[in-house]
Amino acid sequence: MKTIAIPQFYCGPSGQKGLYNRQEVGLARAFAALGCRAVVLYPAPGAAAPTVENPEPNVKIYYLPVRKLGAQAFFSSWQVLLDEQVDAVHVMGDNSPGVPSLYRFCRKHGILFYSQLGALKSTSGHAAVRAVMDLLLRRNLAVYKKTPTFAKTPAVAAELQSLGVPCAGLMPVGLDTAIIPDVPGTRADLRRALKLDVDAKIFVFVGRLDAYKKPLDLVPLLEAAPDWQAVIIGQGTQGAELARLLAARGLAARCRMIPQLPNESVHIYYHACDAFVNLNDQEIFGMSLLEAMFAGCPPVARHAPGPDLIIEDGLSGWLCSTVPQLAEALGRITPEMGAAAQRRINEHFLWQNSAELALTLLPAKGNRHG
């Protein structure tokens, strides 16, 4: 039985335990379903000792003490890879400065190293941080040139090629359907249970209320779409400003703001709402976008690498550039788009697809890391 490790180098607010769909765990379940063992390595800054979870057969999750610099984790040791007799590491490290040390360890011990990348350049709001991270990226590019490197989106594939990194192909992010609950009942039933207006047109926004997600654009969007109400699920640095602006513009009565919900509860809102809105014009992929579409909630999204790949414009949702375009697109959402969105995810964006592609790299044991 092959064992694949999936390390996480990011230790910022997104993707933490108890929040929304965690990519690493979803991929681990897909590997397990294909007859492998999967070991997820999460950073635990400040932890005194490792902790371990075994959520289901052949899936193991470690929370390991790390040094932290900003949102980047530095693992003190990769011994766990040997302890777990790992055959390969599935790396979603992007521009993380911890990637080269993992590569060196894998090369020394004959562990296959391959990558699934969603971004290369830093998206930090601080120019100095961007400059440093982009400089450090050169170290990662040297690794990616020697190893199988997949891109999550066509935009990243093109960027890899421009940087001299051979791209092994597209390996999109997938949805972990194992944690998605069944949501019985009609939309009207769900709205009554949630105390939402049964007859209103309602869109849902799910994501961090931080600048990169563009949550403040919800204000002009609601102004430009006066017939719509909004459910806003998330918290972040712009949460208070968003609430203030909604109140100041007389829009608060048309909104329900929910700082945090268990993932299973978020899915009820997907089924209860008429549309899903994604405002981030730099969206690498968007797990909440996948979830909404899987629930049959058609998206209206800004053009970005993830939405541009996932959404078939005019068929399974709408792609737009400006707030007025987003507002106009909300008026063109149809029930047929919801059904098309479901089909799109089921056919192309489940973690099983990524796991099957990754396993083609593992025909037999040996040193295959380049």
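For the structure, see preceding data.
Being a predicted model, the structure only gives us computed values, none of them experimental. (Residues numbered from 1 in each chain as written. Predicted model: local features only at pLDDT ≥ 70, side-chain atom pairs only at ≥ 80, totals over all residues. Heavy atoms only, no water.)

### Some thoughts on the nonpolar core
Ranked by size, the top nonpolar core spans 64 residues in total, and within it Phe-31, Val-204, Val-231, Ile-233 and Leu-290 carry the most contacts. The dominant element in this core, judged by the number of residues it contributes, is helix 1 (residues 23-33), at six residues. Once residues within four sequence positions are removed from consideration, Val-231 is found in contact with Leu-196, Ile-202, Phe-203, Val-204, Phe-205, Arg-256, Ile-258, Tyr-269 and Cys-273. Ranked by size, the runner-up nonpolar core spans 34 residues in total, among them Ala-73, Val-86, Val-99 and Phe-113. (Core = buried A, V, L, I, M, F, W, Y, C linked by side-chain atoms within 4.5 Å. Buried < 20%, exposed > 50% of the residue type's maximum accessible area, 1.4 Å probe, protein only. Helix = DSSP H or I, 4+ residues; strand = E, 2+ residues; numbered from the N terminus. Contact = heavy atoms within 4.5 Å.)

### With respect to the pairing of strand 7 (residues 88-91)
Of the two faces of strand 7, the one carrying Ala-88 and His-90 and the one carrying Val-89 and Val-91 are both buried. The pairing of strand 1 (residues 3-7) with strand 7 spans two bridges and is parallel. The residue of strand 7 that forms the bridge with Ile-4 is Ala-88. In this region the chain leaves strand 7, passes through helix 3 (residues 99-109) and returns to the parallel neighbour strand 8 (residues 112-117); the handedness of that crossover is right-handed. (Pairing = 2+ DSSP bridges. Right-handed = clockwise from strand over helix to strand, strands pointing away.)

### Observations regarding unusual backbone geometry
Phi is positive for Asn-58, close to 70°, though the residue is something other than glycine. In this fold, Asn-58 is placed in the loop between strand 3 (51-56) and strand 4 (59-64). If you check the backbone angles, Asp-94 has positive phi at about 50° while not being a glycine. In this structure, Asp-94 sits in the loop between strand 7 and helix 3.

### As for the sheet that holds strand 15 (residues 299-302)
Read from one edge to the other, the open sheet built from six strands follows the order 13-12-11-14-15-16, with strand pairing classed as parallel. Of all strands in the sheet, those bounded by a partner on one side alone are strand 13 (255-258) and strand 16 (318-320). For this sheet, the mean angle separating the axes of adjacent strands, direction not counted, is 20°. Across four bridges, strand 12 (residues 228-233) lies against strand 13 in parallel orientation. Paired with Ile-232 across the strands is Met-257, a residue of strand 13. Most of the contacts of helix 10 (residues 287-294) go to strand 14 (residues 275-278), to which it runs at about 165°, and overall it touches strand 11 (201-206), strand 14 and strand 15. (Axes fitted to C-alpha atoms, helices over the stretch in contact; angles between N-to-C directions.)

### Re the environment of Ala-5
Within the element layout of this structure, Ala-5 appears in strand 1. The sequence separation of Ala-5 and Val-80 amounts to 75 residues, and the corresponding C-alpha distance is 9.5 Å. Apart from residues lying up to four places away in sequence, Ala-5 is in contact with Val-39, Leu-81, Val-86, Ala-88, Val-89 and His-90.

### Some points on the state of the cysteines
As enumerated under the stated definition, the model contains zero disulfides in all. Distance from the sulfur of Cys-320, which forms no disulfide, to the nearest cysteine sulfur (Cys-297) is 15 Å. Judged by its relative accessible area of 4%, Cys-320 falls in the buried class. (Disulfide = S-S within 2.5 Å.)

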